[in-house]
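# Descriptive structure summary
Below, each chain spelled out in residue letters.
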Amino acid sequence: MKKIKTDILVIGAGSGGLSVAAGAVQMGADVTLLEGHKMGGDCLNYGCVPSKALIASAKAAYAQRNSAKFGVADGPGTVDYAAAKDHVADVIAQIAPVDSVERFEGLGVRVIREWGRFTGARTVQAGDTEISARRIVIATGSSPLVPPIPGLEDVPFETNETLFDLRDRPDHLLIVGGGPIGMEMAQAHVRLGCKVTVIEGDKALGKDDPELAQVVLQTLKGEGVEIIEGAQASKVSGKAGDITIETDDGQRFHGSHLLMAVGRKSNTDRLDLEVAGVETTKRGVKVDDKLRSSNRRVYAIGDVAGGMQFTHVAGYHGGVVIRSLLFALPAKAKTSHIPWVTYTDPELAQVGLTEAQARKQHGDKVEVVRADYAHNDRALTERKTQGFIKVMVVKGRPVGASIVGHQAGELINLWALALSANMKMSKIAGMVSPYPTISELNKRAAGAYFSPRLFDSSLVKTVVGLVQRFIP
Ligand SMILES: Cc1cc2nc3c(=O)[nH]c(=O)nc-3n(C[C@H](O)[C@H](O)[C@H](O)COP(=O)(O)OP(=O)(O)OC[C@H]3O[C@@H](n4cnc5c(N)ncnc54)[C@H](O)[C@@H]3O)c2cc1C
Ligand SMILES: NC(=O)c1ccc[n+]([C@@H]2O[C@H](COP(=O)([O-])OP(=O)(O)OC[C@H]3O[C@@H](n4cnc5c(N)ncnc54)[C@H](O)[C@@H]3O)[C@@H](O)[C@H]2O)c1
């Protein structure tokens, strides 16, 4: 057995692990990085990148079929499903060098392409190497949860780990789970020419404000996605090409393919965590607000830490632990300023509190201001007038923003800054936005906060009246 010593051992080369490894090595630490499967993890290979690339193909097909409103004849939007998958693979290949062994070795990281497992409180074995480390960061991510639904073990099904390799277009895709994976893939596939049925046990897009989620769900239904809510998939039967799902309320749905998108399971199984005294919960590695586990020298970041499961959260966690690991500074991970976006069309974006959460937390102190896409000139030129923004304000500062509509994921960035910097609404209202941009909606929402204070105020009217009397 080869034995090595390192300052920081990172287990998992996905969004979180790569951020820690790159940051720590460039600031002078000796860093060892383990990856048992593909460099780049889920986001690059099975998650964000392929899903957004496939959504782009679907958008192109949809745009071609719906261009008459711009004075351009509608086209057939003929889809070559396998070619769309080639586009997905090409996009992954373009990004892959940034996450590659070569790049990380070039930065000075020792990369070992093996699965890691703890052999002691400070030691991990990877292949024929035993690594002792001053600090260890678990960044092993998550995998698709496969629930114990009777019959599922005998029926072929897709997950996010297989879907992007499928080259024959499904005639009828059944999707179990109406979360972000389910709904993004539902719209992509209906636009790529498949029949799609989503079976959701509770409410589809249930983590978002229902008023905004409804806008997305109505649009998807309008495009032909069948969405069944409040029906738990409870039995699966059939064979490749002919699959039946039965739900707990007695409905039956038939399709040619099945995608399971019912949430995630943290990747802790291979790690032998008990050997290192690292405790877990049902959601993943148990961590405190500094992302430190029950073993003081071991941290967990990203999906495996069991909180919000997004690439930008894994990256943010990376930054937080680097401060503790390299500078021994007390750094805490917060969630109140973390945005998320579901990349349906229209997009659905959230940061901070939803309206319901803000009312629960702040009661009468909350003011909700809104602005509609229908009043935005750029949205009118693009014929993207569906949607709105809501901003929840307490004592002149935003505590949450929810946006549904064209480019909502771009618009939410400003509110992510406003929340993380604790900015006042007056800062947003005072900004000059270029005309005509969709982002003017942000300023308009801030304007909506001040309009009644300025235009409906007798004090303002009295002051203006007095000033006008006295100025020459
Ligand atoms: C279909 C889909 C779409 C998504 N879209 C988005 C999106 O648009 N935006 C967004 O922000 N998030 C999105 N996500 C979520 C995002 O992919 C994850 O939150 C992110 O990848 C988590 O990063 P991570 O570093 O925690 O884990 P991962 O990226 O999963 O990396 C973990 C790595 O650890 C390796 N590993 C595991 N165990 C071991 C071990 N014992 N030894 C060595 N290596 C190990 C794994 O092989 C993997 O490479 C999406 C997810 C899916 C499934
Ligand atoms: N745009 C993005 O940022 C993006 C996109 C995709 C995924 N993700 C990340 O990946 C995570 C996982 O996504 P997801 O959509 O798989 O999970 P999810 O947990 O968000 O949604 C799963 C859904 O499946 C339903 N469900 C569970 N069991 C069921 C059953 N037997 N029958 C019917 N419905 C059932 C649940 O009620 C839930 O609504 C997300 O939480 C998110 O963090 C992010």
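Residues numbered from 1 in each chain as written. Chains lettered and ligands numbered in written order. Predicted model: local features only at pLDDT ≥ 70, side-chain atom pairs only at ≥ 80, totals over all residues.

## A closer look at the site of ligand 1
In the vicinity of ligand 1 lie 39 residues, with G12, G14, G41, G141 and G302 positioned nearest. When residues of the shell around ligand 1 are traced back to their parent elements, those giving at least two are α1 (15-26), α2 (41-45), α3 (48-65) and α8 (311-327). Residues belonging to the shell around ligand 1 are distributed by class as follows: 14 nonpolar, 19 polar and 6 charged. (Near = placed C-beta within 6 Å. Helix = DSSP H or I, 4+ residues; strand = E, 2+ residues; numbered from the N terminus. Nonpolar A, V, L, I, M, F, W, Y, C, P; charged D, E, K, R; others polar.)

## Focus: the UniProt feature "domain: FAD/NAD(P)-binding" (unreviewed entry) in the protein
Per the UniProt annotation, the sites labelled "domain: FAD/NAD(P)-binding" (unreviewed entry) are residues 7-318. For residues 7-318, the end-to-end C-alpha separation is 16 Å, with 29% helix and 23% strand making up the annotated structure. (UniProt positions renumbered as here; feature names shortened; annotations may be inferred.)

## What to know about the sheet that holds strand β12 (residues 242-247)
The 3 strands are arranged β11-β12-β13 in an open sheet whose pairing can be described as antiparallel. Lying at the two open borders of the sheet, with one neighbouring strand each, are β11 (233-239) and β13 (252-255). Across the sheet, the mean angle from the axis of one strand to that of its neighbour is 20 degrees, orientation sign disregarded. Pairing of β11 with β12 involves 6 bridges; the strand directions are antiparallel. From the neighbouring strand, G238 faces β12, where its bridge partner is I243. (Pairing = 2+ DSSP bridges. Axes fitted to C-alpha atoms, helices over the stretch in contact; angles between N-to-C directions.)

## Section: unusual backbone geometry
For residues other than glycine, phi is negative in most cases, and the peptide bonds are mostly trans. Put simply, D345 and P346 share a cis peptide bond, and its omega is 5 degrees. Relative to the elements of secondary structure, P346 occurs in the loop between β17 (339-342) and β18 (347-352). The omega torsion of the bond from Y435 to P436 falls at -5 degrees, within 30 degrees of zero and hence cis. Its location among the elements puts P436 in the loop between α12 (425-430) and α13 (440-455). Even without a glycine there, the phi angle at R383 is positive, about 55 degrees. Given 11 C-beta atoms within 10 Å, R383 falls into the exposed group. (Buried ≥ 20, exposed ≤ 12 C-beta atoms within 10 Å, placed from the backbone.)

## What to know about the site of ligand 2
Around ligand 2, the structure places 27 residues, and the nearest of them are G177, G179, G201, G263 and Q309. Only α6 (180-191) and β17 provide two or more residues apiece to the shell around ligand 2. By residue class, the composition of the shell around ligand 2 is 13 nonpolar, 10 polar and 4 charged. Summarising the domain contributions, the shell around ligand 2 has at least three residues from each of domain 2 (152-263) and domain 3 (339-455). (Domains from an automatic or database assignment.)

## Section: the sheet that holds strand β10 (residues 226-228)
The sheet built from 4 strands is open, its strands ordered β10-β9-β8-β14 with parallel pairing. At either end of the open sheet lies a strand with only one pairing partner, and these are β10 and β14 (257-260). Averaged over all pairs of adjacent strands, the angle between their axes in this sheet comes to 15 degrees, without regard to strand direction. Where strand β9 (residues 195-199) meets β10, 3 bridges bridge the pair, whose relative direction is parallel. Following the sheet pairing, T197 is matched in β10 by E226. Against the sheet, α6 makes contact with β8 (172-176), β9 and β14, and its axis sits at roughly 165 degrees relative to β9, the strand it touches most. (Contact = placed C-beta atoms within 7 Å.)

## So, the pairing of β13
Burial along β13 is one-sided: F253 and G255 are buried, and none of R252 and H254, which face the opposite way, are. Pairing analysis gives 4 bridges linking β12 to β13, with the strands arranged antiparallel. Bridging from a neighbouring strand, I243 pairs with G255 of β13.

## Some points on the nonpolar core
The tendency in soluble globular proteins is for nonpolar side chains to be buried as a group. Ranked by size, the top nonpolar core spans 80 residues in total, and within it L174, I175, V176, L348, I389, L411 and I412 carry the most contacts. Here the element with the most residues in this core is helix α11 (residues 408-420); it accounts for 7 residues. Summarising the domain contributions, this core has at least three residues from each of domain 2 (152-263) and domain 3 (339-455). Those residues in contact with L411 that lie beyond four places of it in its chain are A349, I389, I403, I438, S439, L441 and N442. Counting residues in hydrophobic clusters, the runner-up holds 51 residues, among them L271, Y299, I301 and I322. (Core = buried A, V, L, I, M, F, W, Y, C linked by C-beta atoms within 7 Å.)

## Let's talk about the UniProt feature "domain: Pyridine nucleotide-disulphide oxidoreductase dimerisation" (unreviewed entry) in the protein
Listed under "domain: Pyridine nucleotide-disulphide oxidoreductase dimerisation" (unreviewed entry) in the UniProt record, and renumbered for this structure, are residues 338-444. Along residues 338-444 one finds 36% helix and 32% strand; the C-alpha atoms at either end are 23 Å apart.

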